[in-house]
Amino acid sequence: MISAKLILYVSIGTIAMFIPIIIESIWYKYKLWKSLVVGLLIAISGVIGTYVMFFIENQRWGGTSFYGGVFLVPPAFIGFAYLLKTPHRALMDMCAPAGCMMLVVMKVQCLLSNCCKGIVLWTDASGEAVRFPSQIAELANGLILCVVLMFIVYRAKNKGEIYPIFLILYGISRFILNFFREEFLTTEMFVPYGTIWSVVAVAAGFVWLVLLRKQKDTENKITEEIKEEFVEEKN
């Protein structure tokens, strides 16, 4: 059951996602209404993904796991791309920075709910445990990733490659930050699921990036061949 508190934070996160989405729409000259629809679709598919991933990890409903949204959004947007008549790669470019903004808002929720706590670094003179600020560190990581990805989008050199780059960067940073989560020391598994999914994300990102660049090379080669044929016919 989706709680009222989660609906509130997802709503705030959706509004936050519109910031990078609208900026990208202006840069790429996309229709504004499509951008707003994209934001809503990211939120809906992302929430479903987090619940499904939590169930996979715990065999019960009732919680969320952020990686579920990270992994579900790309396949979900294959169908959305068809409906919106927009290339899947273009939509994925919009999803990556937007997802970072949702992460920032959800980390605020973690901070206020005191979940995803950091490991105990030391105990002060009063006996109070001083913990690594895990929620704040992951919040800052989301903001930094959003800025970095928006810079890459602005350069336009890596157009169509933003989501796999996000998978790589988030996977690496989350892998490192997971060592400072309390769950890393308390999990009954060899390592927490977040660590496992981080490795999967990095691997998937690299494979996706390689395939994309091969596809781009093929498209460029075909374009050049068409140009050469056109020049020959003209002559």
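> Teacher, can you tell me more about the packing of aromatic side chains here?
In this structure the tally under the stated criterion is 15 aromatic pairs. When the ring of Tyr163 is compared with that of Trp208, the centres are 5.7 Å apart and the planes differ by 40°; the resulting orientation is tilted. Taken together, the residues Tyr163 in helix α6 (residues 162–178) and Trp208 in helix α8 (residues 193–234) connect sequence positions 45 residues apart. Linked through ring pairs, Phe66, Tyr67, Phe71, Tyr163, Phe166, Tyr170, Tyr193, Trp197 and Trp208 together constitute an aromatic cluster. Between the NZ or CZ atom of Lys159 and the centre of the ring of Tyr28, over which it lies, the distance is 4.4 Å.

> Sorry, what's going on with the nonpolar core here?
Nonpolar side chains tend toward joint burial in soluble globular proteins. Residues Met17, Val38, Ile42, Phe77, Leu149, Tyr163 and Phe166 are the most contacted members of the largest nonpolar core, which totals 48 residues. Within the residue set of this core, elements represented by two or more residues are α1 (4–28), α2 (32–58), α3 (66–84), α4 (88–113), α5 (134–155), α6 and α8. Aside from chain neighbours lying at most four places away, what touches Phe77 is Val38, Leu41, Ile42, Ser45, His88, Leu91, Met92 and Cys95.

> Help me understand the packing of α3 against α4 in this model?
Axes are the key here: two packed helices are described by the angle between their axes and the distance separating the axes. Orientation of α3 relative to α4, taken along the N-to-C sense of each, is 145°, at an axis distance of 10 Å. Regarding α3 and α4, the two cross each other, and that crossing is right-handed. Residue-level contacts link Phe66, Val73, Pro74, Phe77, Ile78, Phe80, Ala81 and Leu84 of α3 to His88, Leu91, Met92, Cys95, Gly99 and Leu103 of α4.

> Please explain the pattern of salt bridges as it appears in this structure.
A side chain of one charge can pair with a side chain of the opposite charge when the charged atoms of the two come close. Counted by the stated rule, this structure contains 5 salt bridges. Two residues, Glu138 and Lys107, come together in a salt bridge whose shortest N-O distance is 3.1 Å. Taken together, the residues Glu138 in helix α5 and Lys107 in helix α4 connect sequence positions 31 residues apart. Neither residue differs from the other here; Glu138 and Lys107 are each classed as buried. Across the pair Glu182 and Arg131 runs a salt bridge, and its minimum N-O distance is 3.1 Å.

Criteria and thresholds
Residues numbered from 1 in each chain as written. Predicted model: local features only at pLDDT ≥ 70, side-chain atom pairs only at ≥ 80, totals over all residues. Heavy atoms only, no water. Phe/Tyr/Trp six-rings, centres within 6.5 Å; stacked < 30°, edge-to-face > 60°. Helix = DSSP H or I, 4+ residues; strand = E, 2+ residues; numbered from the N terminus. Lys NZ or Arg CZ within 6 Å of the ring centre and 35° of its normal. Core = buried A, V, L, I, M, F, W, Y, C linked by side-chain atoms within 4.5 Å. Buried < 20%, exposed > 50% of the residue type's maximum accessible area, 1.4 Å probe, protein only. Contact = heavy atoms within 4.5 Å. Axes fitted to C-alpha atoms, helices over the stretch in contact; angles between N-to-C directions. Left-handed = near helix turned anticlockwise from the far one by under 90°. Salt bridge = Lys/Arg side-chain N within 4 Å of Asp/Glu carboxyl O.

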